[in-house]
Amino acid sequence: MSDKPEKFIDENGLRLDGRRVDEIRPMKMEIGVLSRADGSCYLEWGKNKVLAAVYGPRELHPRRLQKADSALIRYRYNMAAFSVEDRIRPGPSRRSIEISKVSREAFEPVVLTHLYPGAVIDVFAEVLQADAGTRTAAINAACMALADAGIPMKGLVSACAVGKVDGQLVLDLNKPEDNYGDADIPMAMTSDGEITLVQMDGDVTPEEFKQAIEMCKEGCRQIMELQKETLKNKFTKLEDVEISDD
Ligand code: UDP
């Protein structure tokens, strides 16, 4: 692993990767990439590469796990063994179990689970290449896979992290900022700005925390634009096919 940089932000206000403090890494995404899943998304964000797949809603077995009045959401975040510098031991870890739990909770307020009593909606987020911000990358991809599967939701969910380096808040941490920064605050939010996930590692003042939320809102707004655009592109193309078939 590289050593801690002397400075994270230069005299021009630019970060080690050339971004401004309020700039997110380039992101691209594609939906419907897996033929056997009901919905899927492949997403790249900086050097992060994540694949999300959604199965369901389908009847939950064993039946004793069914919820009488709603569907159960299961979310599995997993890092591939080859996704990081030091190989990751396959199978669940404390970290992946925690991330899976908070990510599931990030979707529970938006998915209309009451429409599918007794069912399960399975979300799999596989990190193929990790470079800081994988839980938020996975949430962005999972949201698209859910939409691609046609799962009814109140709205989209977008996620991004804010951190602190050199005494300044920065949006969407890169690897050195994540490793050596003073704070890392991943958040997920709906289009209405309702926060569905917030975690915090490190220290910020209450005032900085408020600023972090505002920065994150702006990052999530940009991500949501891309998510909407991706969905529009797919469904406009489908419309074109239907029209040309007539
Ligand atoms: N990481 C790693 N090995 C691990 C876990 C994480 O190399 O077992 C790296 C990976 O690049 C990840 C980064 O450390 O993206 C930051 O991890 P963190 O736990 O903060 O979660 P993330 O920012 O990916 O959501």
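Everything numeric here is computed off the predicted structure, so don't read it as measured data.

Peer 1: Teacher, can you tell me more about the sheet that holds strand β4 (residues 72-79) here?
Peer 2: Strands sit in the order β1-β2-β3-β5-β4 across an open sheet of five strands; the sheet is mixed. Whereas interior strands pair on both sides, the edge strands pair on one side only; in this sheet they are β1 (27-31) and β4. On average, each strand axis in the sheet is inclined to that of its neighbour by 15 degrees, with strand direction left out of account. Bridge count for β1 against strand β2 (residues 39-45) is five bridges, and the pairing is antiparallel. The residue of β2 that forms the bridge with E30 is Y42. Together, β1, β2, β3 (48-59), β4 and β5 (119-129) form the strand contacts of helix α2 (residues 134-148), whose direction differs from that of β2 by roughly 150 degrees.

Peer 1: How should the site of the ligand be read in this particular structure?
Peer 2: By nearness alone, 13 residues border the ligand, and R95, A132, G133, T134 and R135 come closest of all. Within the side chain of R95, a nitrogen or oxygen atom sits 2.8 Å from an oxygen atom of the ligand. In the environment of the ligand, an oxygen atom lies 2.5 Å from a nitrogen or oxygen atom belonging to the side chain of T134. Within the complex, 75% of the 500 Å² of free accessible area of the ligand lies under protein. Those elements that provide at least two residues to the shell around the ligand are α2 and α3 (175-180).

Peer 1: Help me understand unusual backbone geometry in this model?
Peer 2: Both trends apply: most residues other than glycine have a negative phi, and most peptide bonds are in trans. Following G56, the chain continues to P57 via a peptide bond in cis, the omega torsion being 0 degrees. With respect to the helices and strands, P57 occurs in strand β3. That bond from H61 to P62 is cis: its omega, -5 degrees, falls within 30 degrees of zero. If you trace the backbone, P62 turns up in the loop between β3 and β4. At A132, a residue that is not glycine, the phi angle is positive and equals roughly 75 degrees. By relative accessible area, which is 9% here, A132 ends up buried. Within the chain, D172 stands out as a residue other than glycine whose phi angle is a positive 55 degrees. Positionally, D172 belongs in the loop between β7 (168-171) and α3. For D172, a relative accessible area of 2% puts it in the buried group.

Peer 1: What am I meant to see in the side chain of D122 here?
Peer 2: For D122, the position within the fold is in strand β5. Look at D122 and you get buried, because its relative accessible area is 5%. Polar side-chain contacts of D122 include one of 3.0 Å to the side chain of R58. With sequence-adjacent residues up to four places away left out, D122 is seen in contact with A53, V54, Y55, R58 and R74.

Calculation notes
- Residue numbers here run from 1 along each chain, matching the order of that chain's written sequence.
- A pLDDT threshold of at least 70 governs which residues receive local features in this predicted model, and a stricter bar of 80 or more applies before side-chain atom pairs are shown or counted, although totals over entire chains, interfaces and linings include all residues.
- Derived side-chain values reflect all non-hydrogen atoms in the structure, with water molecules and hydrogen atoms excluded from consideration.
- In this scheme, strands are said to pair when DSSP sees at least two bridges between them.
- Under the DSSP-based scheme used, a helix requires at least four consecutive residues in state H or I and a strand at least two consecutive residues in state E, with every element numbered from the N terminus.
- Helix axes are fitted to C-alpha atoms over the stretch in contact, other axes to C-alpha atoms as well, and angles between N-to-C directions run from 0 to 180 degrees.
- Throughout, a residue-residue contact means that at least one pair of heavy atoms, one from each residue, lies within 4.5 Å.
- It suffices for a single heavy atom of a residue to lie within 4 Å of a molecule or strand for the residue to be listed as near it.
- Contacts described as polar in this section are N or O atom pairs within 3.5 Å, which, within protein, must combine one atom able to donate a hydrogen with one able to accept it, while residues neighboring in sequence count only if both atoms come from side chains.
- We get accessible surface area from the Shrake-Rupley algorithm with a probe of 1.4 Å; when it comes to residues, only the shown protein chains can shield them.
- We call a residue buried when its accessible area falls under 20% of the maximum for its residue type, exposed when it is over 50%, and partly exposed in between, using a 1.4 Å probe and counting protein chains only.

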